[in-house]
Amino acid sequence: PARMAGARRAGAVSAPLVGCRGFAVGRERYFRELAAVEVSDTRKRLPKPDTARRWREEAPPGFAFSLVVPAAITHPPEGAPRPAEACGHFRDAPLVRRAWEAFEAVAEAVRPRWVVFETPASFYAHAGLLKDMYAFFRAVRRGGAVFVWAAHGGGWDPKVRAKVAADLKLELACDPLNGEVPRAGAAYIRAAGRVVDGRLSRGLSFSDSELKALAHAAAPGAGVFLGNSDCWKDARRLRALCEGRR
C-alpha cells in the first residue's frame, strides 16, 4: 500500500492538475474527485485565514490550490480616486500594500501552488505602468508559489508580454480553445467557455475534442482550470483524459 500511494503521488505530479474555477460542489466531494481548485472569489473578498487554513486541512495530500489576488492590487476603481485612495496597476500605494498583506496571511494559511494576477484592459505596455509592475514583483515574497499573469486585454504584443513575464519570473495564463496558443507545454490554462461574436459564452459543455486539446496543451504538472457552466462534469472528464495520457 505504501508503494501504491507513492506511485499515485508521483503520477499526480506528472499529469496536469485539473480543477474548476471555484468549488463547484461541496468541498468534501470536490477534494475527493479533483486534484486542484482555483479560488477566484479572493479577487473580490478574502476569506479569513482560519477559513483558508481549514481548506488546507480538509484537502488530501497533494491537492493543489490556486488563489487570485485581490482586485485592489491589479484593478483601479472606476472613476478618478483621490491620490490617497489610489490602488490597482501594482502601484506603490497604501491600499495596494494593505491588500497584499491581507492576501499574504491567507496564502500562508492555504499554501497555494499558484498565485494569479489578473490585469485589466487598462493595464498596457506603458513605461510608468511597467515600472510599478517591476517594482512590485521584485519586492514581494513568493512563499514557494508559482506566480501567474493573466492579462485581460491591454493590446499586449506577445513578444513584449513574454519578455515581461520572463524578466519577472511569471507564468502566462492561456486559453488554447480561444486562440491563445501556448508555447510547448502550457504551465497554466484557464478555459471558461467559447468566444462567440466577440463575447464569451460560459453556458456550455466542452466537447471531447476540446478537452483533448486542453490535455495535450498542458505541460506535466500544469494547472488546468475550467470555468464554464458544466465545469464540474467537464473537469472530471478532463482529469480522466490527462491521467490516461501519462
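The model shown is predicted, which means the values in this text are computed figures rather than measured ones.

This part takes up the confidence of the model for the protein chain. Interpretation of this model should avoid reading the predicted coordinates in detail wherever pLDDT is low. Predicted confidence across the protein chain gives a mean pLDDT of 88, with 86% of residues reaching 70 or more. Long-range and interchain partners of residues 1–13, a stretch whose pLDDT sits below 50, account for 5 contacts in this model, where long-range means more than four residues apart.

Owing to its 3.6 residues per turn, the α-helix aligns residues three or four sequence positions apart on the same side. Within helix α3 (residues 49–58) the residues assigned to the buried category are A52, W55 and R56. Each buried residue of α3 sits inside an arc of 95° when the element is viewed along its axis, so together they form one side. Those residues of α3 that are exposed and angled more than 90 degrees off the buried face are D50 and E57. Its buried side turned inward, α3 meets α2 (27–33), β2 (36–39), β3 (64–68) and α5 (94–110).

Burial along β2 is two-sided: the residues A36 and E38 and V37 and V39 are all buried. In this fold, the crossover linking strand β1 (residues 17–20) to β2 by way of α2 has right-handed handedness. Sheet analysis places β2 next to β3, joined by 4 bridges and oriented parallel. Within the sheet, the bridge partner assigned to A36 lies in β3 and is A64. This β-α-β element, β2 to α3 to β3, shows right-handed connectivity.

A few words on the side chain of T42. Mapping T42 onto the fold places it in the loop between β2 and α3. For T42, a relative accessible area of 2% translates into the label buried. A polar side-chain atom of T42 sits 2.8 Å from the main-chain carbonyl oxygen of V39. Not counting the four nearest positions on each side in its chain, T42 is found in contact with P47, L67, V68, V69 and P70.

With that out of the way, let us pick up the packing of α3 against α5. Remark: α3 packs on α5, axes separated minimally by 7 Å, with the N-to-C direction vectors making an angle of 25°. Between α3 and α5, the crossing angle belongs to the class labelled roughly parallel. For the crossing formed where α3 meets α5, the hand is right-handed. Two secondary-structure elements touch here, α3 through P49, A52, R53, W55 and R56 and α5 through A105, V106, A109 and V110. Here the residues of the contact of α3 with α5 are counted per class, giving 7 nonpolar, no polar and 2 charged.

A few words now on the packing of helix α6 (residues 127–139) against helix α7 (residues 158–167). Where α6 meets α7, the axes come as close as 11 Å, and the angle between the chain directions of the two elements is 25°. With respect to each other, α6 and α7 are oriented roughly parallel. Each of L130, M133 and Y134 in α6 lies in contact with α7, whose residues at this interface are K163, V164 and D167. A per-class count over the contact of α6 with α7 returns 4 nonpolar, no polar and 2 charged.

What counts as what
Residues numbered from 1 in each chain as written. Predicted model: local features only at pLDDT ≥ 70, side-chain atom pairs only at ≥ 80, totals over all residues. Heavy atoms only, no water. pLDDT = per-residue confidence, 0-100. Contact = heavy atoms within 4.5 Å. Buried < 20%, exposed > 50% of the residue type's maximum accessible area, 1.4 Å probe, protein only. Helix = DSSP H or I, 4+ residues; strand = E, 2+ residues; numbered from the N terminus. Arc of directions from axis to C-beta. Right-handed = clockwise from strand over helix to strand, strands pointing away. Pairing = 2+ DSSP bridges. Polar contact = N/O pair within 3.5 Å; in protein donor to acceptor, adjacent residues only side chain to side chain. Axes fitted to C-alpha atoms, helices over the stretch in contact; angles between N-to-C directions. Parallel < 35°, antiparallel > 145°, perpendicular 65-115°, else oblique. Left-handed = near helix turned anticlockwise from the far one by under 90°. Nonpolar A, V, L, I, M, F, W, Y, C, P; charged D, E, K, R; others polar.

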